[in-house]
Amino acid sequence: MALTIIATVGSATANSYLTLAEAEAYFEITLYPGSWATATDDNKNIALVMATRLLDEQIQWEGLPTDDTQALQWPREYVTQRNNSNDFYDNDEIPIWLKNATAE
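Residues numbered from 1 in each chain as written. Predicted model: local features only at pLDDT ≥ 70, side-chain atom pairs only at ≥ 80, totals over all residues. Heavy atoms only, no water.

**Overview of helix 3 (residues 96–103)**
Since one α-helical turn is 3.6 residues long, residues separated by three or four positions face the same way. The criterion, for reference: The buried label applies to any residue whose accessible area, calculated with a 1.4 Å probe on protein chains only, is under 20% of its type's maximum; exposed applies above 50%, and partly exposed to all values in between. For helices the rule is a DSSP run of H or I covering at least 4 residues; for strands it is a run of E covering at least 2, with both sets numbered from the N terminus onward. When we speak of the arc, we mean the arc of directions from the helix axis to the C-beta atoms. Should any heavy atoms of two residues lie within 4.5 Å, those residues are considered in contact.
For helix 3, the complete set of buried residues consists of Leu98, Lys99, Thr102 and Ala103. Projection of helix 3 onto a plane perpendicular to its axis shows the buried side chains occupying an angular sector of 140 degrees, all on one side. On its buried face, helix 3 sits against helix 1 (20–28) and helix 2 (41–58).

Right, here's the structure in full:
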């Protein structure tokens, strides 16, 4: 059975920080897409879920998860934006830098 990506922000069943379509768009503007270009959609989905899991396991994120029922570490509250320490990320968003990191 093929793995289904669930990238709904804050979902209790989410398993990826971005959809396959978002990852495809990312790699369309990448000079060296590597194995991504020749992988099957099933393997791409597996890679996105694996990358999300590794990010959540290996990074000690700033702030707090938005909801105690969400499956992933993001979205988060009280996380200052990377280039503006006076603003916080919205607690219902996955920052683009995290989506890009997941794709990579």
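**Regarding the packing of helix 1 against helix 2**
Quick reminder of the rule: Simply put, an axis is a line fit to the C-alpha atoms, just over the touching stretch for a helix, and the angle between two N-to-C directions goes from 0 to 180 degrees. Angles below 35 degrees are treated as roughly parallel, those above 145 as roughly antiparallel, those between 65 and 115 as roughly perpendicular, and all remaining angles as oblique. For this classification, Asp, Glu, Lys and Arg are treated as charged, while Ala, Val, Leu, Ile, Met, Phe, Trp, Tyr, Cys and Pro are nonpolar and the rest, including Gly, are polar.
With their axes 10 Å apart at the nearest point, helix 1 and helix 2 run at an angle of 95 degrees to one another. By the angle between their directions, the pair helix 1 and helix 2 is classed as roughly perpendicular. In this structure, helix 1 uses Leu20, Ala23 and Glu24 to contact helix 2, whose residues at the interface are Asp41, Lys44, Asn45 and Leu48. Grouping the constituent residues of the contact of helix 1 with helix 2 by class yields 3 nonpolar, 1 polar and 3 charged.

**Notes on the packing of helix 2 against helix 3**
When two helices pack together, their arrangement is given by the angle between the helix axes and the distance between those axes. Cut-off, in case you're wondering: By definition, turning the near helix anticlockwise from the far helix through less than a right angle yields a left-handed crossing, and turning it clockwise yields a right-handed one.
Relative to each other, helix 2 and helix 3 sit at 120 degrees, their axes nearing to 8 Å. By the angle between their axes, helix 2 is oblique relative to helix 3. In the packing of helix 2 onto helix 3, the handedness of the crossing is right-handed. For the pair helix 2 and helix 3, the contacting residues are Leu48, Ala51, Thr52 and Leu55 in the first and Leu98, Ala101, Thr102 and Ala103 in the second. Class assignment of the residues belonging to the contact of helix 2 with helix 3 gives a composition of 6 nonpolar, 2 polar and no charged.

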